[in-house]
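The primary structure of each chain is shown beneath.
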Amino acid sequence: MSEEKKPANKGFLESAIGFLHRNEPQFIRDDDEKKFLRVEGLRADLVAKKEALKNASDADKNAIQSQIEDIRDTLRLYSLSHWNDTDAERLRHKNVLARSRVLAKDYERQTLARQNDISALLPVKAEFEKKEKALLSAHKTALKKARSTKDGEAVKAENKAYLDKLAAIEKDYADAASKAAPEARKHLLALETDRDASRLARVSYKKNLVDEDVILSVRHMKQFFDMGGGYKTKAVHDVSFDIKRNECFGLVGESGCGKTTTGRCIIKLYDITSGAVYYEGYRISGGVRFNEKEIKWSRIHTKEKIKALREKERVEIASIPLKSTDIVRRLDDLNAAEKAEIEERADPNDVDRDDLILSIRNDYARQRAELESLKTTASMAESKQASNIRSYYENEIKTLCAKERIHVQEQREEIKHIKYDNKHANKLMLPDGLPEDANMAKVQRQPNHRLVNEIQMIFQDPVDSLDPRMTVNDIIQEGLRIQGKHNVAENERKVADILNKVGLIPEYASRYPHEFSGGQRQRIGIARSIVMNPKFLICDEPISALDVSIRAQILNLLNDVKDEMGVSILFIAHDLSVVKYFCDRIAVMYYGNLVELATSDELFKHPLHPYTKSLLSAIPKPDPASEKNRVRIVYKPSEVHDYSHEKPSFQEILPGHFVLANAPEMAKYRQEIVVLDEKAKAKEK
């Protein structure tokens, strides 16, 4: 095989497609990537099987030939699945594949060229790592000795000495590396960046979410819990919403409606059943239940369609006009007529009796031969017509089966991709600021800066969420250590700063959780979350267990954190009045479904869904007169909804205002909006 015709290595092709994804996103789509990689893999397998066939024994040739035919059939099916592509689409597919191959070859050539320079750096790097390990061991021993004396100044001095020695070793390593191989360190960083780019390119990415400034997108998320015995609890059922950057998004509803489960699914504490969660455009979590059901029901529907086609085939064949049957009947009548005529006209006393009978028989034999000829012709025509009908329906069934195989294969590929995303989402490492030279992106990246680490959660119960056997210092530092930040002095400085930020003094770092009040514990939980420098914060009812004065302090603290750090927040709560004060948009949740979504002002101006009205009626007011006359609205779904004829769907009734309703309810809600607007105008007058 010539060098030009040899297919590119699959790994390099994936990396090349990754470069296209980052540098030319308008040039490539997710389905292109999947199709190209799948087709390239099949072609490579076909070449390998053909080579194996040449050297195979007679016993194995049939099996290998069968595998080759299967691969060819699959390639034909992939072409079949794109019958409806326009000429422009086909040309674009061809251009993308050609561009990917060029980039793959270039990437392979650059990689091989770098390896010689990198090999010169490896001994220097190994020596540096050995010195760094010895220094860290000595530092731990000295630090343990200094702490035993309970001398704070000695601990600080030891930490400072360790940092100075580490900086000196790093400087020596940089000098030695530049002498050993001037370009090697840059090449090593470039290779690591390219590997990260390849990993990022293979994880599902939606650029339109980033363009629209959406930091988190939840798409048709479902979370079911298996209760055993075939029963499932649908904690979250088909929930979709987007949260923009620097936005505070409120999620309200009664206890048990699925708010906390939604937050835990977003932060990947649960493996979601179906749907997807996108963060910064990347799919960090996905469920496969929908795809598995698609495979199951596509097979069921295909069997039903095949059964219906077989029945149509039987009916059409049975309805063919059978001329041969009429001819058989005429032959029977002819035979009867011959017998009757012979009996009638043949006189036993007639001398010429035998000649007469022979004449009659010859005449009927001629007629019988003509009918037999007509019967043969009619039978052939009927057989051909039946054969055409059978052939037509066989082709229809083959097309159905081919479409089913394509659909099943696509769903299996999607399941495989979802599982890949779930496995590698935690490994995504992104640059803090991407420079013009993409290969040097790693220079500006923080150590172990992973994408999912930017999402943090403040848990509902400040008692259960804090380990009673750990000090506040250890609780807050735990996340930093997991991220690979083991500089003790730097970590302690961060703990002191974050305690000051949440309204606690640094001296509290040595205490245990049971020594604090509820509000202080909640502040510790907030400190543990924001010390990780998150970009997205999930606040799971952070004030529900606190008294009124502490609630105000926690809300003000979260407001300060939001303003200072530019954090986007998902705020989960029961109280709509609190959410109105704190959140930009509010989603109302009931029994695992979103029933209404709007901005804070719009939701209070036009509350449409009966459950939203029920929540609003429960808000107490600091006015004895109005509180005395306040009517509590009780939400009873069976009395206010009639979904026997039409099921509800989440629809937009005003710009940015969505409500769960069917067509009759939408008409009713539009009338309510008009009435509410008229009342508002009357009050203003």
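Note: the structure precedes this text.
Residues numbered from 1 in each chain as written. Predicted model: local features only at pLDDT ≥ 70, side-chain atom pairs only at ≥ 80, totals over all residues. Heavy atoms only, no water.

Visitor: What exactly am I supposed to notice about the environment of Ala176 here?
Guide: Its place among the elements puts Ala176 in helix α5 (residues 152-180). Judged by its relative accessible area of 30%, Ala176 falls in the partly exposed class. Each C-alpha atom, one on Ala176 and one on Val124, is 6.9 Å from the other, the two residues being 52 residues apart in sequence. (Helix = DSSP H or I, 4+ residues; strand = E, 2+ residues; numbered from the N terminus. Buried < 20%, exposed > 50% of the residue type's maximum accessible area, 1.4 Å probe, protein only.)

Visitor: So what exactly am I meant to see when it comes to the side chain of Asn473 here?
Guide: Topologically, Asn473 is positioned in helix α12 (residues 472-482). With relative accessibility at 16%, the residue Asn473 sits in the buried group. Side chain to side chain, Asn473 and Gln477 meet in a polar contact 2.9 Å long. With sequence-adjacent residues up to four places away left out, Asn473 is seen in contact with Glu492, Val495 and Ala509. (Polar contact = N/O pair within 3.5 Å; in protein donor to acceptor, adjacent residues only side chain to side chain. Contact = heavy atoms within 4.5 Å.)

Visitor: For this particular structure, what's the right way to read empty space enclosed by the protein?
Guide: Empty space among the atoms becomes apparent when a probe as large as a water molecule is rolled across them. Per the counting criterion, the structure on display carries 1 cavity of 30 Å³ or more. Surrounding the largest cavity, Pro610, Val640, Glu665, Lys668 and Tyr669 form its lining. Ranked by the residues each element gives to the lining of the largest cavity, the list is headed by helix α21 (residues 663-684), at 3 residues. Partitioned by chemical class, the residues of the lining of the largest cavity number 3 nonpolar, no polar and 2 charged. (1 Å grid on protein atoms, 1.4 Å probe; cavity = no way out; pocket = protein on both sides within 12 Å on 5 of 7 lines; lining within 4 Å. Points joined across faces, edges and corners; volume = space filled by probe spheres on them. Nonpolar A, V, L, I, M, F, W, Y, C, P; charged D, E, K, R; others polar.)

Visitor: Would you mind showing me how to read the pairing of strand β8 (residues 568-573) here?
Guide: Sheet faces and side chains relate simply in a regular strand, where the side chains alternate between the two faces. Across the 6 residues that make up β8, a large majority, 6, are buried. Alternating positions in β8 separate into two faces, Ser568, Leu570 and Ile572 on one and Ile569, Phe571 and Ala573 on the other, with burial throughout. In this structure, strand β3 (residues 248-252) lies alongside β8, joined through 5 bridges in parallel fashion. Bridge assignment links Gly250 to a residue of β8, and that residue is Phe571. (Pairing = 2+ DSSP bridges.)

Visitor: Teacher, can you tell me more about the sheet that holds β3 here?
Guide: By way of backbone hydrogen bonds, the strands of a sheet pair with one another, either parallel or antiparallel. Ordered in space as β6-β7-β8-β3-β9-β10-β12-β11, the 8 strands form an open sheet in which the pairing is mixed. Here the strands that pair on one side only, and so sit at the sheet edges, are β6 (455-458) and β11 (649-654). When the angles between neighbouring strand axes are averaged without regard to direction, this sheet yields 20 degrees. By the bridge criterion, 6 bridges tie strand β9 (residues 585-590) to strand β10 (residues 593-599) in an arrangement that is antiparallel. Paired with Arg585 across the two strands is Thr599, which belongs to β10. Sitting on the sheet, helix α15 (residues 548-565) is in contact with β3, β6, β7 (536-540) and β8, with an inclination near 160 degrees to β8. Its contacts with the sheet place α21 against β11 and β12 (657-661), and it is angled at close to 30 degrees to β11. (Axes fitted to C-alpha atoms, helices over the stretch in contact; angles between N-to-C directions.)

Visitor: Looking at this structure, I do not really get the sheet that holds strand β5 (residues 282-286). What am I missing?
Guide: Across the sheet, 4 strands lie side by side as β2-β1-β4-β5; this open sheet has antiparallel pairing. Each of the sheet's edge strands pairs with one partner strand only, and the pair in question is β2 (231-244) and β5. Pairwise comparison of adjacent strand axes, ignoring direction, gives a mean angle of 25 degrees for this sheet. Where strand β1 (residues 214-228) meets strand β4 (residues 274-279), 5 bridges bridge the pair, whose relative direction is antiparallel. Bridge pairing links Ser217 to Tyr278 in β4. The strands that helix α8 (residues 259-266) touches are β1, β2, β4 and β5; relative to β1, the one it contacts most, it runs at about 115 degrees.

Visitor: Looking at this structure, I do not really get the packing of aromatic side chains. What am I missing?
Guide: Two measures describe an aromatic ring pair: the distance that separates the ring centres and the angle between the ring planes. With the rule as written, the count across this model stands at 11 aromatic pairs. When the ring of Tyr205 is compared with that of Tyr282, the centres are 4.6 Å apart and the planes differ by 45 degrees; the resulting orientation is tilted. You can see Tyr205 sitting in the loop between α6 (184-202) and α7 (207-211) and its partner Tyr282 sitting in strand β5, a full 77 residues away along the chain. Look at Tyr282 and you get buried, because its relative accessible area is 11%. Taking 5.9 Å as the distance between ring centres and 15 degrees as the angle between the ring planes, the aromatic pair formed by Phe650 and Phe658 counts as stacked. With a relative accessible area of 31%, Phe650 lands in the partly exposed category. Of the aromatic side chains, those joined through ring pairs into one cluster are Tyr590, Tyr591, Tyr611 and Tyr635. For the cation-ring pair, Lys580 lies above Phe604, with the distance from its terminal atom to the ring centre recorded as 5.3 Å. (Phe/Tyr/Trp six-rings, centres within 6.5 Å; stacked < 30°, edge-to-face > 60°. Lys NZ or Arg CZ within 6 Å of the ring centre and 35° of its normal.)

Visitor: Teacher, can you tell me more about the pattern of salt bridges here?
Guide: It is possible for side chains bearing opposite charge to pair when their charged atoms get close. Going through the model one piece at a time under the given rule, you end up with 22 salt bridges. With its nearest N and O atoms 3.5 Å apart, the salt bridge here joins Arg469 to Asp467. Several salt bridges converge on common partners, so that one network encompasses Asp213, Arg245 and Glu280. (Salt bridge = Lys/Arg side-chain N within 4 Å of Asp/Glu carboxyl O.)

Visitor: When you look at helix α13 (residues 488-501) in this model, what are you seeing that I'm missing?
Guide: An α-helical segment advances 3.6 residues per turn. Residues three or four places apart therefore align on the same side. Counted at 1.5 Å a residue, the expected span for α13 with its 14 residues is 20 Å, and the 20 Å between its end C-alpha atoms agrees. Where α13 is concerned, the buried positions are Asn491, Val495, Ile498 and Leu499. Buried residues in α13, looked at end-on, bunch into an arc of 100 degrees, giving them a common side. Tucked into the core, α13 has its buried residues touching α12 and α14 (518-530). Of the residues that open α13, the one with a side-chain oxygen 3.3 Å from the backbone nitrogen of Ala489 is Asn487. Following α13 by one or two positions, Gly503 adopts a phi angle in the positive range, close to 90 degrees. (Expected span 1.5 Å × (residues − 1). Arc of directions from axis to C-beta.)

Visitor: So what exactly am I meant to see when it comes to the packing of α12 against α13 here?
Guide: The relative placement of two packed helices comes down to the angle between their axes together with the axis-to-axis distance. Remark: α12 packs on α13, axes separated minimally by 10 Å, with the N-to-C direction vectors making an angle of 120 degrees. Seen along the crossing, α12 lies across α13 with a hand that is right-handed. Across the interface between the two elements, Val472, Asn473, Ile476, Gln477, Leu480 and Arg481 of α12 pack against Asn491, Glu492, Lys494, Val495, Ile498 and Leu499 of α13. Across the contact of α12 with α13, the residue classes tally to 6 nonpolar, 3 polar and 3 charged. (Left-handed = near helix turned anticlockwise from the far one by under 90°.)

Remember that the coordinates give geometry; whether it matters functionally is a separate question.
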